[in-house]
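Report on the structure
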Amino acid sequence: MSSIVKEILASPIQMADQVSKMAEEAQNFRQEYDTEQVLDKALVLVTKCRANSLIKKLFTIIPATAFRKTSMQLENSVGDVQWLLRVSASADERDDEYLGLPPIAANEPILCLIWEQVAILLSGASLEERSDAAASLVSLARDNDRYGKLIIEEGGVPPLLKLLKEGRMDGQENAARAIGLLGKDPESVEHIVNAGVCSVFAKVLKEGHMKVQTVVAWAISELAGNHPKCQDHFAQNNAIRLLVSHLAFETIQEHSKYAIANKHKSIHSVVLASNTSTPHDEEDDNKQIVHPMGNQASSQMSNIHHNHNAHVSIAGTSIKGREFEDPVTKREMKAMAARALWMLSRGNLTVCRSITESRALLCFAVLLEKGAEDVQSYSAMALMEITAVSEQHAELRRSAFKPTSPAAKAVVEQLIKIIEKEEQELLIPCVRSVGNLARTFRATETRLIGPLVKLLDEREAHICMEVAIALNKFACTDNYLHENHCNAIIQAGGAKHLIQLVYFGEQMVQIPSVTLLCYIALHVPKSETLAQEEVLIVLEWCTKQAHLIDDSRIEALLPEAKSRLELYQSRGRGFR
């Protein structure tokens, strides 16, 4: 019996050996249909047939259908690999042969297209063919998240990274865009990072063409946004410094000093120190401000233009070349650099420290004033995240946003301007940033309060909510200057606005308005304005509202504020 079985399986075993060798070379199969799984089943079947003991022979029942099923699976696997080898060949080797579809296409039609494109990327075909294959993967990944998963499973990431390193510009752009689209979830991003994307991206940001660098910066923002754990990996590969360099290019000039003129209250308060200025004890890390996209024909750039051939290559962050890029590309580069820094800084102390120790804060201040719309938006979002981290870490807050810092002053000036002008697209992140910085302002810095309080008066609910939350950070007990800030809120007319929001505002506005009113009553209970506006009656009304007293933020604060206000008003102090 055993000899007969061996004779019957001799041919399948030989075929299995052939398939196994081919599988080692291809290494691009979906796990569920993997050739190794088919071979494993075949091996189990053969092992059963080789049972030596009589007992095993008697009790090992192998249905005929098992042989037929295994044989069919082996044949399909061989067909899949043969098809893959044919599509991997160059166009000349194929001789326009019609390839049809592999057997696996019966279960997963899209898989054969993914195999084909990955095979072209791997096969060493022309750069043009590889670029087209990357573009096809971009379309697939953009259309369906599941297709992106399949591309990763079928080994698409390494050849994309290889194309990004050695391809032409269009191929590099397609490869970077595909990688950004593939990182839709933490698991996918983890796979991409493990494939070495951080070092490849850093090299492109340093040496690549600006158009490719723009796509790479966007891809970094996508990966970091979908999986924050990769932030540190990019930081370790110097991505932060390189992104800040792109942000600073033609935004501020290097090797210059700036000083603050006390009488000015705008971005122009950051002025250039003249060449004849008195030597400064601090390091020369301060930079000259130039409006983005402006001064294209400066003397410095004219000298560069005269000293280099007109056909000089445009090379990434090197001084030679990138000034000759078109304004649209420069703007897009700044926008994507700001977007990447926004995503990389979210909740990450190390990254935020690296950003604030660079020229980035001053760049953000300039770009908030004069940058294009998308550059302004991403700059505002980045500042919001950086200030949120600094709010939670006193060391960062004191070093990056100390009142004497020219860069910090420039940032605050722009935040105030945007709030005063009520620029809708930038308003919310700027309000949040000011709130995050509430503990950095001095007692004399009261001009922030008025513009915020003004936004409480008949504005949209989400704006009133954000403003009330920000003002809470000024008025709360944790803020050392809470009494000064509470008085400033009252003087700006905040009490009457808060009363209206408590009575008639939506619930998302009511809660921060009640807590703010409580802090004011708690810290300045002797205010005559509070008595005139009958704030005590408002607080009494709040104690009877179930949805308010059940809120943990109000539960402990409301009784204490009400009691303190009652105490002072019963004494009749300071009201008449």
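Residues numbered from 1 in each chain as written. Predicted model: local features only at pLDDT ≥ 70, side-chain atom pairs only at ≥ 80, totals over all residues. Heavy atoms only, no water.

By the naming in an unreviewed UniProt entry, the protein is Vacuolar protein 8, taken from Cajanus cajan.

**Brief notes about empty space enclosed by the protein**
For the structure on display, the rule yields two cavities of 30 Å³ or more. If you go around the second largest cavity, the residues you meet are Met210, His246, Phe249, Lys330, Met333 and Lys334. Ranked by the residues each element gives to the lining of the second largest cavity, the list is headed by helix α17 (residues 327-345), at three residues. (1 Å grid on protein atoms, 1.4 Å probe; cavity = no way out; pocket = protein on both sides within 12 Å on 5 of 7 lines; lining within 4 Å. Points joined across faces, edges and corners; volume = space filled by probe spheres on them. Helix = DSSP H or I, 4+ residues; strand = E, 2+ residues; numbered from the N terminus.)

**Looking at unusual backbone geometry**
Positive phi, normally seen in glycine, also occurs at Asn238, with a value near 70°. Of note, Asn238 is situated in the loop between α14 (231-236) and α15 (239-248). Overall, Asn238 belongs to the partly exposed group, its relative accessible area being 34%. Unusually for a residue other than glycine, Glu422 sits at a positive phi of about 55°. Inspection of the secondary structure puts Glu422 in the loop between α22 (406-421) and α23 (424-436). Note on Glu422: relative accessible area 21%, which makes it partly exposed. (Buried < 20%, exposed > 50% of the residue type's maximum accessible area, 1.4 Å probe, protein only.)

**What to know about the nonpolar core**
Residues Val197, Phe201, Phe234 and Phe364 are the most contacted members of the largest nonpolar core, which totals 159 residues. There are two domains that each give this core at least three residues, and those are domain 1 (111-248) and domain 2 (460-575). Residues within four places of Phe234 in sequence aside, it is in contact with Val197, Cys198, Phe201, Ile220, Leu223, Ala239 and Leu344. (Core = buried A, V, L, I, M, F, W, Y, C linked by side-chain atoms within 4.5 Å. Domains from an automatic or database assignment. Contact = heavy atoms within 4.5 Å.)

**Examining the packing of aromatic side chains**
In the structure shown here, the tally under the stated rule is five aromatic pairs. Aromatic pair Phe201 and Phe234: ring centres 6.4 Å apart, planes at 20°, arrangement stacked. Separated by 33 residues along the polypeptide, Phe201 in helix α12 (residues 197-207) and Phe234 in helix α14 bring together distant segments of the chain. Residue Phe234 is classed as buried on the basis of its relative accessible area, which comes to 1%. Aromatic side chains Tyr503 and Trp541 sit 5.0 Å apart centroid to centroid with 75° between the ring planes, which places their arrangement in the edge-to-face category. (Phe/Tyr/Trp six-rings, centres within 6.5 Å; stacked < 30°, edge-to-face > 60°.)

**Some words on the confidence of the model for the protein**
Put simply, the protein has an average pLDDT of 79, and 68% of its residues get 70 or more. Confidence scores differ between elements of the protein, with strand β2 (residues 258-260) showing the lowest mean pLDDT of 32 and helix α13 (residues 210-226) the highest of 97. Here residues 28-33 scores under 50 on pLDDT; set against residues more than four positions off or in separate chains, the count is 25 contacts. Confidence over residues 53-59 falls short of pLDDT 50; this stretch has four contacts with residues more than four positions distant or in other chains. (pLDDT = per-residue confidence, 0-100.)

**Section: the packing of α13 against α17**
Here α13 crosses α17 at 20°, and the two axes come no closer than 8 Å. One way to sum up the angle between α13 and α17 is to call them roughly parallel. Considering how the two elements wind past one another, α13 and α17 form a crossing that is left-handed. In this structure, α13 contributes Met210, Lys211, Gln213, Thr214, Ala217, Trp218, Ile220, Ser221, Glu222, Ala224 and Gly225 to the contact, and α17 contributes Thr329, Lys330, Glu332, Met333, Met336, Ala337, Arg339, Ala340, Met343 and Leu344. A breakdown of the residues in the contact of α13 with α17 according to their chemical character gives eleven nonpolar, five polar and five charged. (Axes fitted to C-alpha atoms, helices over the stretch in contact; angles between N-to-C directions. Parallel < 35°, antiparallel > 145°, perpendicular 65-115°, else oblique. Left-handed = near helix turned anticlockwise from the far one by under 90°. Nonpolar A, V, L, I, M, F, W, Y, C, P; charged D, E, K, R; others polar.)

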